Amino acid sequence: MRDILELRQKFEGKRIFAIGNGPSLNSTQLDLIQGEYSIAMNRISLIYNQTLWRPNFFVCSTTNVKRYDWRSDIQKTMDLGIKSFIWDQIGEFLDCHENTYLLNCEYGSEVRDDPPIDWWSNDLAKRVTKFGTSMLVALQICNYLGFQEVYLLGCDLAFKKYKDGDKDLNHFSSEYGTPGLDYENLNRNMMAAHKLALKASSLTEMTIYNATPSGALEIYPRVSLTDVFANV
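In what follows, the accompanying structure is described. This structure is a prediction, so every number in the text was calculated from the model and none was measured. (Residues numbered from 1 in each chain as written. Predicted model: local features only at pLDDT ≥ 70, side-chain atom pairs only at ≥ 80, totals over all residues. Heavy atoms only, no water.)

## Quick notes on the overall build of the protein
Line of reasoning, step 1. Counting its secondary structure elements, the protein contains four helices and nine strands.
Line of reasoning, step 2. Going residue by residue from the N terminus, the α and β elements of the protein occur as β-β-β-α-β-β-β-β-α-β-α-β-α.
Line of reasoning, step 3. Here the C-alpha atoms of the protein give a radius of gyration of 16 Å, agreeing with the 17 Å that 2.2 N^0.38 yields for 232 residues.
Line of reasoning, step 4. Considered along the principal axes of its C-alpha atoms, the protein spans approximately 45 × 40 × 40 Å.
Line of reasoning, step 5. In the protein, which comprises 232 residues, the proportion classed as buried is 52%.
Line of reasoning, step 6. In the structure as shown, the protein presents an accessible area of about 10700 Å², 46% of it carried by carbon and sulfur atoms.
Line of reasoning, step 7. Considering the protein, the positive charge centre built from 24 side chains and the negative charge centre built from 29 side chains are found 1 Å apart. (Helix = DSSP H or I, 4+ residues; strand = E, 2+ residues; numbered from the N terminus. Rg over C-alpha atoms; globule rule 2.2 N^0.38 Å. Buried < 20%, exposed > 50% of the residue type's maximum accessible area, 1.4 Å probe, protein only. Areas by Shrake-Rupley, 256 points an atom, 1.4 Å probe, with all protein chains shown as cover. Lys, Arg positive; Asp, Glu negative; His and termini not counted. Charge placed at Lys NZ, Arg CZ, Asp CG, Glu CD.)

Right under this line is the structure:
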């Protein structure tokens, strides 16, 4: 395990692509960001057979790791030697390699429309907030690492309820999700988490853009992935 202090502001001024797991990933040219910094999460390995792209950083802060299918897919990414940020409470379920950083996660079980600004952590050596969505953890990591521009991909939001045996349409893979969740509160918390990230980022040097080609997340400036590269 590594000391997260070694990463503080190490990538100051650079840009990064933060990859969610929404269905729009199936129409996103992830190979365009090969060679760019990127951070992904959870069962992202389910898309590896469709792309040469692999993330530079990886996040897992979910108790779903207790399920074998989730644990197996999470381990596939960690086994690539990618810098991995893992909730310290679930580390025992994984084979944590030398590039693993353990996080003290808080506020995971709340239901809030207006989480306070002090939930955002600027010091990952102390704690990180995992409220609402794993993307909030990823964005706090991006800020801690010093990235100045963050481009979101696969952040569709607006999850729809489905039953066991139905096809999961909330993620890029029908194998991905967990049926029967409280999607009303999940959607509330996910949007609230992004509002917190937007508010917090306005107080830092980090700007967040939404490069997801569709979806319900409208609080960040919208950009297209092709335009991002056209403006290089």
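## Side note on the environment of Thr204
Line of reasoning, step 1. Its location among the elements puts Thr204 in the loop between helix H3 (183-201) and strand S9 (207-210).
Line of reasoning, step 2. Accessibility expressed as a relative area gives 22% for Thr204, which makes it partly exposed.
Line of reasoning, step 3. Sequence separation between Thr204 and Gly146 is 58 residues; the distance between their C-alpha atoms is 9.8 Å.
Line of reasoning, step 4. Not counting residues up to four positions away in its chain, the partners in contact with Thr204 are Asn122 and Asn143.
Line of reasoning, step 5. Side-chain polar atoms of Thr204 contact the backbone oxygen of Ser201, separated by 3.0 Å. (Contact = heavy atoms within 4.5 Å. Polar contact = N/O pair within 3.5 Å; in protein donor to acceptor, adjacent residues only side chain to side chain.)

## Let's talk about the nonpolar core
Line of reasoning, step 1. Grouped together as the largest cluster of nonpolar side chains are 75 residues, with contacts concentrated most on Ile19, Ile44 and Leu152.
Line of reasoning, step 2. With nine residues, helix H2 (residues 134-145) is the largest single contributor of residues to this core.
Line of reasoning, step 3. The contacts of Leu152, once residues within four sequence positions are left out, are Ala18, Met135, Leu139, His194, Ile208, Tyr209, Asn210, Ala211, Thr212, Leu217 and Tyr220. (Core = buried A, V, L, I, M, F, W, Y, C linked by side-chain atoms within 4.5 Å.)

## Examining H3
Line of reasoning, step 1. For H3, spanning 19 residues, the distance from its first C-alpha to its last is 27 Å, which sits close to the expected 27 Å at 1.5 Å a residue.
Line of reasoning, step 2. Within the span of H3, buried status applies to Tyr183, Asn189, Met190, Ala192, Ala193, His194, Leu196, Ala197, Ala200 and Ser201.
Line of reasoning, step 3. Summarising the contacts, the buried residues of H3 are in contact with H2, strand S8 (149-153) and S9. (Expected span 1.5 Å × (residues − 1).)

## Description of the side chain of Thr100
Line of reasoning, step 1. Positionally, Thr100 belongs in strand S5 (residues 100-103).
Line of reasoning, step 2. Discounting residues that sit within four places of it in the chain, Thr100 has contacts with Met1, Arg2, Met78, Ser84 and Ile86.

## Observations concerning unusual backbone geometry
Line of reasoning, step 1. Phi at Gln9 takes a positive value of approximately 60°, unusual for a residue other than glycine.
Line of reasoning, step 2. Summarising the element assignment, Gln9 is placed in the segment before strand S1 (15-19).
Line of reasoning, step 3. Overall, Gln9 belongs to the partly exposed group, its relative accessible area being 36%.
Line of reasoning, step 4. You will see that Asn42, though not glycine, has its phi angle at about 55°, which is positive.
Line of reasoning, step 5. Here Asn42 lies in the loop between strand S2 (37-41) and strand S3 (57-60).
Line of reasoning, step 6. Asn42 gets classed as buried once you look at its relative accessible area, which sits at 7%.

## Observations concerning the packing of H2 against H3
Line of reasoning, step 1. Viewed as axis vectors pointing N to C, H2 and H3 meet at an angle of 15°, and their least axial separation amounts to 9 Å. Compared by their axis directions, H2 and H3 come out roughly parallel. Relative to H3, H2 is oriented so that their crossing is left-handed. Between H2 and H3, the residues in contact are Met135, Leu136 and Leu139 and Ala193, His194, Leu196 and Ala197, respectively.
Line of reasoning, step 2. When the residues that make up the contact of H2 with H3 are grouped by side-chain class, the tally is six nonpolar, one polar and no charged. (Axes fitted to C-alpha atoms, helices over the stretch in contact; angles between N-to-C directions. Parallel < 35°, antiparallel > 145°, perpendicular 65-115°, else oblique. Left-handed = near helix turned anticlockwise from the far one by under 90°. Nonpolar A, V, L, I, M, F, W, Y, C, P; charged D, E, K, R; others polar.)

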